[in-house]
Amino acid sequence: MKNFILVVVLLFVGSSSFSQKKKELIAEVAKLKTEASDLKAQLHQIKASKTLNLEDSLHKFSYAFGVEIGTNLKALGVDTLAYNIFAVALEDAITGNEKIPSSDARSEVQKYIQDIQEKKAKELSEAGELFLAKNGKRPGVITTESGLQYEIISQGNGEKPLATDKVKVHYEGKLIDGAVFDSSIARGEPVTFGVSQVISGWTEALQLMPVGSKWKVFIPQDIAYGQRGAGGSIPPYSALIFDIELISIEK
């Protein structure tokens, strides 16, 4: 009988202890929820206090300065930054507390951008080579000794231009991903230029085309714009695709 009473007492004490711990746990969870809610409200307040106000001259200048820097970096191939570190560096430079000398900073920036551009150039060059290797195996595609490839869409029966001639053409230029970077066809107005006044891939192709022809021409990067590219629309080391219609030789 004593043993039975002891067991009952122990069960009651254990149950009471568990119940107490459960209440404490519930209270702790509620406290954490409250703290999380408070933190969320504080973050919202901080964010609201940093809302862009382009009516404020300092906000407007700061934003415009950021746009200018960001646009230039994007053109150089930089697509992300450690933005918090960038903000610290700006403040340090303005207050004269730079952690590295300006000359070292300049060298680091140049090296980083050069590494990015070299990596991108290698990717583009390899992509162009792979594209041309595959394209050259298609029926109807002719590859010349220089690596120029062309496909005859329709063949004219006129004269072939000389390097010293001027020609009138319609054209559309694309990157190998299909992005159009220039088009006289879209503008609705053909262009006239000297056969030898364009990239060497064009000069070669035009001298092979009889007047009245429409060709699709595939130009390796080394007889296109090579390492320099062209503006912001043709990256360095890009293979190019052109639809060319040779309208006439201009006398």
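Rules behind the numbers
- Residues numbered from 1 in each chain as written.
- Predicted model: local features only at pLDDT ≥ 70, side-chain atom pairs only at ≥ 80, totals over all residues.
- Heavy atoms only, no water.
- Patch = residues over 30% accessible without salt bridge, like charges linked within 9 Å, V, L, I, M, F, W, Y side chains within 5 Å.
- Areas by Shrake-Rupley, 256 points an atom, 1.4 Å probe, with all protein chains shown as cover.
- Salt bridge = Lys/Arg side-chain N within 4 Å of Asp/Glu carboxyl O.
- Lys, Arg positive; Asp, Glu negative; His and termini not counted.
- Charge placed at Lys NZ, Arg CZ, Asp CG, Glu CD.
- Helix = DSSP H or I, 4+ residues; strand = E, 2+ residues; numbered from the N terminus.
- Buried < 20%, exposed > 50% of the residue type's maximum accessible area, 1.4 Å probe, protein only.
- Contact = heavy atoms within 4.5 Å.
- Polar contact = N/O pair within 3.5 Å; in protein donor to acceptor, adjacent residues only side chain to side chain.
- Phe/Tyr/Trp six-rings, centres within 6.5 Å; stacked < 30°, edge-to-face > 60°.
- Core = buried A, V, L, I, M, F, W, Y, C linked by side-chain atoms within 4.5 Å.
- Pairing = 2+ DSSP bridges.

Visitor: Would you mind showing me how to read a negative patch on the surface here?
Guide: A contiguous patch of negative charge on the surface is contributed by Glu123, Glu126, Glu129 and Asp222. Its place among the elements puts Glu123 in helix 4 (residues 102–135).

Visitor: Help me understand helix 6 (residues 200–208), please; the structure alone is not making it clear to me.
Guide: Since there are 3.6 residues in each turn of an α-helix, residues three or four apart along the chain are aligned in direction. Of all the residues in helix 6, the buried ones are Gly201, Trp202, Thr203, Ala205 and Leu206. The secondary structure elements touched by the buried residues of helix 6 are strand 3 (166–175), strand 5 (191–194), strand 6 (214–219) and strand 7 (240–250).

Visitor: Can you walk me through the side chain of Asn135 in this structure?
Guide: Within the secondary structure, Asn135 sits in helix 4. A distance of 2.9 Å separates polar atoms of two side chains, one belonging to Asn135 and the other to Arg138. Look past the residues within four positions of Asn135 in its chain and what remains in contact with it is Val141, Gln149 and Phe218.

Visitor: Sorry if this is basic, but what is going on with unusual backbone geometry here?
Guide: When glycine is set aside, most residues are seen to have a negative phi, and most peptide bonds are trans. Even without being glycine, Tyr237 reaches a positive phi, approximately 65 degrees. Position of Tyr237 relative to the elements: it lies in the loop between strand 6 and strand 7. For Tyr237, a relative accessible area of 26% translates into the label partly exposed.

Visitor: Where do I start with the packing of aromatic side chains in this structure?
Guide: What characterises a pair of aromatic rings is the spacing of the ring centres plus the angle enclosed by the ring planes. Scanning all chains against the criterion turns up seven aromatic pairs. Between Tyr150 and Trp215, the aromatic rings sit 4.2 Å apart at their centres with planes inclined by 5 degrees, giving stacked as the arrangement. Of the two residues, Tyr150 is situated in strand 2 (residues 149–154) and Trp215 in strand 6; the sequence distance between them amounts to 65 residues. The buried category is assigned to Trp215, whose relative accessible area is 2%.

Visitor: Help me understand the nonpolar core in this model?
Guide: Nonpolar side chains tend to gather and get buried jointly when the protein is soluble and globular. In terms of nonpolar packing, the biggest core is built from 26 residues, with Val167, Val169, Trp202, Leu206, Val217, Ile219 and Phe242 touching the most fellow members. Those elements giving two or more residues to this core turn out to be strand 3, helix 6, strand 6 and strand 7. Of the residues forming this core, the biggest block, five residues, is contributed by strand 7. If sequence neighbours within four positions are ignored, Val217 has contacts with Leu148, Gln149, Tyr150, Ala205, Leu240, Ile241, Phe242 and Ile244.

Visitor: Whenever I open this one, the pairing of strand 4 (residues 180–183) confuses me. Can you help?
Guide: For a regular strand, the rule is simple: side chains alternate between the two faces of the sheet. Here strand 3 pairs with strand 4 via three bridges, running antiparallel. By the bridge assignment for strand 4, Lys174 is matched with Val180. Where strand 3 folds back on strand 4, the antiparallel hairpin that results is connected by four residues, among which Gly178 adopts a positive phi of roughly 95 degrees.

Visitor: Would you mind going over the pattern of salt bridges with me for this structure?
Guide: A complete count under the given rule lists five salt bridges for this structure. We note a salt bridge from Lys216 to Asp243, for which the minimum N-O separation is 2.7 Å. Remark: Asp243 occurs in strand 7 and Lys216 occurs in strand 6; sequence separation between them is 27 residues.

Visitor: Please clarify how the environment of Val180 should be interpreted in this entry.
Guide: The topology assignment puts Val180 in strand 4. Overall, Val180 belongs to the partly exposed group, its relative accessible area being 47%. The spatial distance from the C-alpha of Val180 to the C-alpha of Ile234 is 9.8 Å, given a sequence separation of 54 residues.

Visitor: Explain the pairing of strand 6 to me, please; I cannot follow it from the model alone.
Guide: Burial of strand 6 is extensive: five of the six residues sit out of reach of the surface. The pairing of strand 2 with strand 6 spans five bridges and is antiparallel. Within strand 6, the residue paired with Glu151 across the bridge is Lys216. Examined bridge by bridge, strand 6 and strand 7 share six bridges and lie antiparallel to one another. Bridge assignment links Lys216 to a residue of strand 7, and that residue is Asp243.

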